[in-house]
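Chain and residue survey
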Amino acid sequence: MYWEIEIALFVFLIITAVLSLYIKDLLTAVVTLNAFSFISALIYIVMGAIDVGFTEAVVGAGVTGIFFVVLIFQTYRRSID
Amino acid sequence: MIRYKSNLIILMVSRVVSPFIMLFALYVIFHGHYSAGGGFQGGTIMAASLLLMRLAAGREIAQLQFRTILGTPLGSIGVLIYFGTGFMAMLAGGEFLNYGFLPFAGFQAAELRSLGILMVEIGVGLAVMAILVAIYDDLLEGYPHD
Amino acid sequence: MKIINWLLLISFGALLVYASFGLPNRGDADAVMHREKSPAGSQGASSYYIRNAYKDANTPNMVTVILADYRGYDTLGEETVILTAGLICFLILRRKKKNSDDPI
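Calculation rules
Residues numbered from 1 in each chain as written. Chains lettered and ligands numbered in written order. Predicted model: local features only at pLDDT ≥ 70, side-chain atom pairs only at ≥ 80, totals over all residues. Contact = placed C-beta atoms within 7 Å. Helix = DSSP H or I, 4+ residues; strand = E, 2+ residues; numbered from the N terminus. Nonpolar A, V, L, I, M, F, W, Y, C, P; charged D, E, K, R; others polar. Buried ≥ 20, exposed ≤ 12 C-beta atoms within 10 Å, placed from the backbone. Core = buried A, V, L, I, M, F, W, Y, C linked by C-beta atoms within 7 Å. Axes fitted to C-alpha atoms, helices over the stretch in contact; angles between N-to-C directions. Parallel < 35°, antiparallel > 145°, perpendicular 65-115°, else oblique.

Moving on to the interface of chain B and chain C. Tallying the contact residues gives 32 residues for chain B and 27 residues for chain C. Among the secondary structure elements, those contributing two or more residues to the side of chain B that touches chain C are α4 (71-91) and α5 (109-139) of chain B. Here the side of chain B that touches chain C takes 15 residues from α5 of chain B, the largest share from any one element. For the side of chain B that touches chain C, the residue count by class is 15 nonpolar, 11 polar and six charged.

This paragraph deals with unusual backbone geometry. With a phi angle near 65 degrees, Leu97 of chain B is a residue other than glycine that sits in the positive phi range. Mapped onto the elements of the fold, Leu97 of chain B is located in the loop between α4 and α5. In this model, Asn58 of chain C sits at a positive phi of 60 degrees, which is unusual for a non-glycine residue. The exposure class assigned to Asn58 of chain C is partly exposed, which follows from the 19 C-beta atoms found within 10 Å.

Before going further, it helps to spend a moment on the nonpolar core. Among the nonpolar cores identified, the biggest contains 47 residues, and Ala47, Ala127, Val128, Met129, Ile131, Leu132 and Val133 of chain B are the most heavily contacted of them. Elements represented by at least two residues in this core include exactly α3 (50-74) of chain A, α1 (8-30), α2 (39-57), α4 and α5 of chain B together with α2 (45-57), α3 (62-70) and α4 (72-93) of chain C. In terms of residue count, α5 of chain B provides more of this core than any other element does, 16 residues in total. With sequence-adjacent residues up to four places away left out, Met129 of chain B is seen in contact with Gly43, Met46 and Ala47 of chain B.

Time to look at the packing of α3 of chain A against α5 of chain B. Here α3 of chain A crosses α5 of chain B at 10 degrees, and the two axes come no closer than 10 Å. Considering their axes alone, α3 of chain A and α5 of chain B lie roughly parallel with respect to each other. Here Val63, Phe67, Val70 and Leu71 of chain A of α3 of chain A come into contact with α5 of chain B, specifically with Leu132, Tyr136 and Leu139 of chain B. Partitioning the contact of α3 of chain A with α5 of chain B into residue classes produces seven nonpolar, no polar and no charged.

On the side of chain A, 15 residues touch chain B, which itself brings 16 residues to the contact. Elements with a minimum of two residues in the side of chain B that touches chain A: α2 and α5 of chain B. Counting residues per element, the side of chain B that touches chain A draws most heavily on α2 of chain B, which supplies eight residues. Classifying every residue of the side of chain B that touches chain A by side-chain character gives 13 nonpolar, three polar and no charged.

Interpretation note: all reported values are geometric properties and have no functional meaning in isolation.
Structure below.
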């Protein structure tokens, strides 16, 4: 029914996943990973699973970003490989 | 290593926004019977509000709000609330986690089940909030603060 | 070596796409999990939950009833997993205080 919205969301999902894999700056990678999580939450909500989408938006786009930022603060900001 | 530097604007905005996030967390926990939400999401939003104050105000000021030593005991208390609800139903004659046998007088079985679901959600929210803040404090343990 | 990696990747991707054609459509009312009777002949669980969730627990949200009441053991195990993760972080990351001037 909403297939245009779903295709656009899936395209953005793949773009953010590939970006977060290939970016050297780890802080930018964390931000793109949060964008990935938020877009996947939007996909869950479009598919009709409101509770799963809410959990994904709160945990994946909220608390996980804080933990990753704290870990980057304790180690180095540039990726080695 | 990135240096931590305090900023006045971030501190004031976090102090204004943080109580509203807590209010929304309580709404999500206690309104889980009627709309999307529940204990896990509400506890995570509450932990996000506490972590916001921890990120913005630094370590010593955030200790006034939620002490580090409280983290793991509150998580255990949350799990014990869940377990105790089920065990109370078992002592009153039913099966484990069968909320229809909770020993509160004057309620029908369906209303007792609704009440049991509310108690369980409060336990889940308390446990998730305390454990997430405790994990954050453990991660920052070796970081030299200024 | 790189060619073998790409061949494995493409073949597994093609296998997954081929397997996804066997799934039922989303919202299909005639799928196996949405039928009234299971293939073994007993009553399906989902139709029972949809019919009796409000009558059993006096709660309009069906998802909450299933998570906290019908599947209470699952949520109890999930809580135990979260508590175990917190305790493991406590045991691994929390060091002993060597210098006493550290305030926390």
